[in-house]
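Per-entry structural report
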Amino acid sequence: MTVADQYNVTEDEIRFGRSDEERLYQALFDYWHPVAYSSQLGEDKPISATLLDEQIVLVRLDGEVRAFRDLCVHRGTALSLGWVEDESLRCAYHGWKYGPDGMCTEIPSRFGTRIPKRARLTRYAAAEAAGLIWVCMSGEPRFPLPEFPYRDDPGFKVIEVPSYDWNCSMPRRIENYVDFAHFAWVHDGVLGDRDQPEVPDHGIGRVGHELRFDHPHMAEPADSGKNKGLESDGRPVDVQIDYRLFMPNTILLDQSIPELDQRYLLFFTVCPTGRKTSRCFTFMGRDYSLDHETDRDMLDFNALVIGQDLPIVQSQRPEELPMDLSAEVQIKGSDRVAVEYRRWLKELAYST
Ligand code: FES
Ligand SMILES: [Fe+2]
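Residues numbered from 1 in each chain as written. Chains lettered and ligands numbered in written order. Predicted model: local features only at pLDDT ≥ 70, side-chain atom pairs only at ≥ 80, totals over all residues. Heavy atoms only, no water.

It is worth spelling out the side chain of T282 at this point. With respect to the helices, strands and loops of the structure, T282 is situated in strand β17 (residues 278-286). Apart from residues lying up to four places away in sequence, T282 is in contact with Y37, I159, E160, V161, Y164, Y177, L266, F267 and F268. (Helix = DSSP H or I, 4+ residues; strand = E, 2+ residues; numbered from the N terminus. Contact = heavy atoms within 4.5 Å.)

Moving on, we come to the coordination of the iron ion (ligand 2). The protein atoms donating to the iron ion (ligand 2) are H182 (NE2), H187 (NE2), D309 (OD) and D309 (OD), with metal-donor distances spanning 2.0 to 2.2 Å. One can describe the donor arrangement at the iron ion (ligand 2) as irregular, given that its 4 donor atoms subtend angles of 59 to 151° at the metal. (Donors = N, O, S within 2.8 Å, 3.2 Å for Na, K, Ca; no water. Tetrahedral: all angles 85-135°; square planar, octahedral: opposite > 155°, others 65-115°.)

Here we take up the sheet that holds strand β4 (residues 64-69). Spatial ordering of the open sheet is given by β1-β10-β9-β4-β3-β2, a layout of 6 strands whose pairing is antiparallel. The two strands at the open ends of the sheet, each matched to only one other strand, are β1 (33-37) and β2 (47-51). Sheet twist, expressed as the average angle between the axes of neighbouring strands with direction ignored, equals 35°. Taken together, the 4 bridges between β1 and strand β10 (residues 132-136) define a ladder with antiparallel strand orientation. Bridge assignment links Y37 to a residue of β10, and that residue is L132. (Pairing = 2+ DSSP bridges. Axes fitted to C-alpha atoms, helices over the stretch in contact; angles between N-to-C directions.)

With 80 residues, the main nonpolar core has V35, L58, Y243, L245 and Y341 as its most contacted residues. Here this core takes 7 residues from strand β16 (residues 262-272), the largest share from any one element. Looking at which domains feed residues into this core, each of domain 1 (31-136) and domain 2 (157-349) gives three or more. Contact partners of L58, with chain neighbours within four places excluded, come to V35, A36, L41, P46, I47, A49, R66, A67, I133 and V135. (Core = buried A, V, L, I, M, F, W, Y, C linked by side-chain atoms within 4.5 Å. Buried < 20%, exposed > 50% of the residue type's maximum accessible area, 1.4 Å probe, protein only. Domains from an automatic or database assignment.)

Nothing here speaks to function; it is all geometry.
In structure tokens, the structure reads:
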């Protein structure tokens with residue numbers, strides 16, 4: 001047995017060492033990741049999704065979401081081409097049937113009923129929460145699922161933003177979402193103001209599995225798509241924003257407007273489909289102007305903001321977020337959230 005086999009690493013890793021980014025990618029197998037909206041998965045048909053470079057199939061069997069490797073063990077066909085029958089998943093190629101635990105229960109082409117022991121699917125932990133389907137590839141998630149307060153509150157309206165794919169790593173996408181210094185530049189007149197580019201001081205700390213921080217006293221234009229429905233008479237609104245970053249991939253932005261007693265929420269979560277690719281899921285919630293027209297304004301506003309971010313984030317190199325703080329230049333105060341996020345990611349990378 002070689003040293004590489006003994007320690008389950010490659011020869012290159014022994015010669016050059018494994019980078020922080022490679023370690024983090026490996027560590028991500030131990031966490032929940034969003035893979036689809038619950039609304040995308042019906043009762044009769046499975047769907048496919050990609051997580052950490054693996055194609056998986058999602059299916060509802062016996063009233064629960066199940067996740068398997070999207071590959072029939074007979075001839076490697078994608079099971080997502082199949083269908084649900086008798087609370088089982090039927091493969092489209094030769095009709096093998098798999099039960100909710102992934103065991104094959106029927107091989108139609110053979111005489112008799114004997115099923116080889118190896119005829120079973122690779123199964124992953126799956127859960128449904130906050131309007132999303134979550135999967136953990138290792139089966140033993142280290143952190144609990146993120147929380148989405150107010151989601152089921154009848155006075156609250158929550159809308160689903162179509163998911164979108166970006167060519168950037170999950171941590172780069174998450175960091176961009178909580179980067180306060182870019183609002184004045186990338187989102188001038190929309191989320192920030194180039195004449196007031198300084199980032200106000202903000203507290204940050206760890207609470208359980210979350211990074212919590214705030215971004216107080218920002219005056220936002222009342223006529224921006226996001227704030228149109230507010231009862232503010234067109235005056236700029238003073239907003240208080242609290243963030244909860246559920247490590248490593250989910251953000252809850254909770255914006256309250258104390259003056260108007262109104263609340264706006266963003267629940268944003270990113271699936272690492274690969275090392276340098278991401279799928280982003282967003283819910284927008286509010287407890288004011290619950291009409292359809294405001295829904296449309298909010299979706300348009302979101303599309304405008306992400307359209308401004310897209311070329312910036314996809315241009316960042318290296319594509320993977322460097323966790324070594326000396327690799328990029330950090331500014332005390334304004335880059336505080338990013339620094340804390342990178343520090344924690346590095347801990348996760350080395351805690352497996
Ligand atoms: S490939 Fe699935 S049943 Fe043959
Ligand atoms: Fe942005």
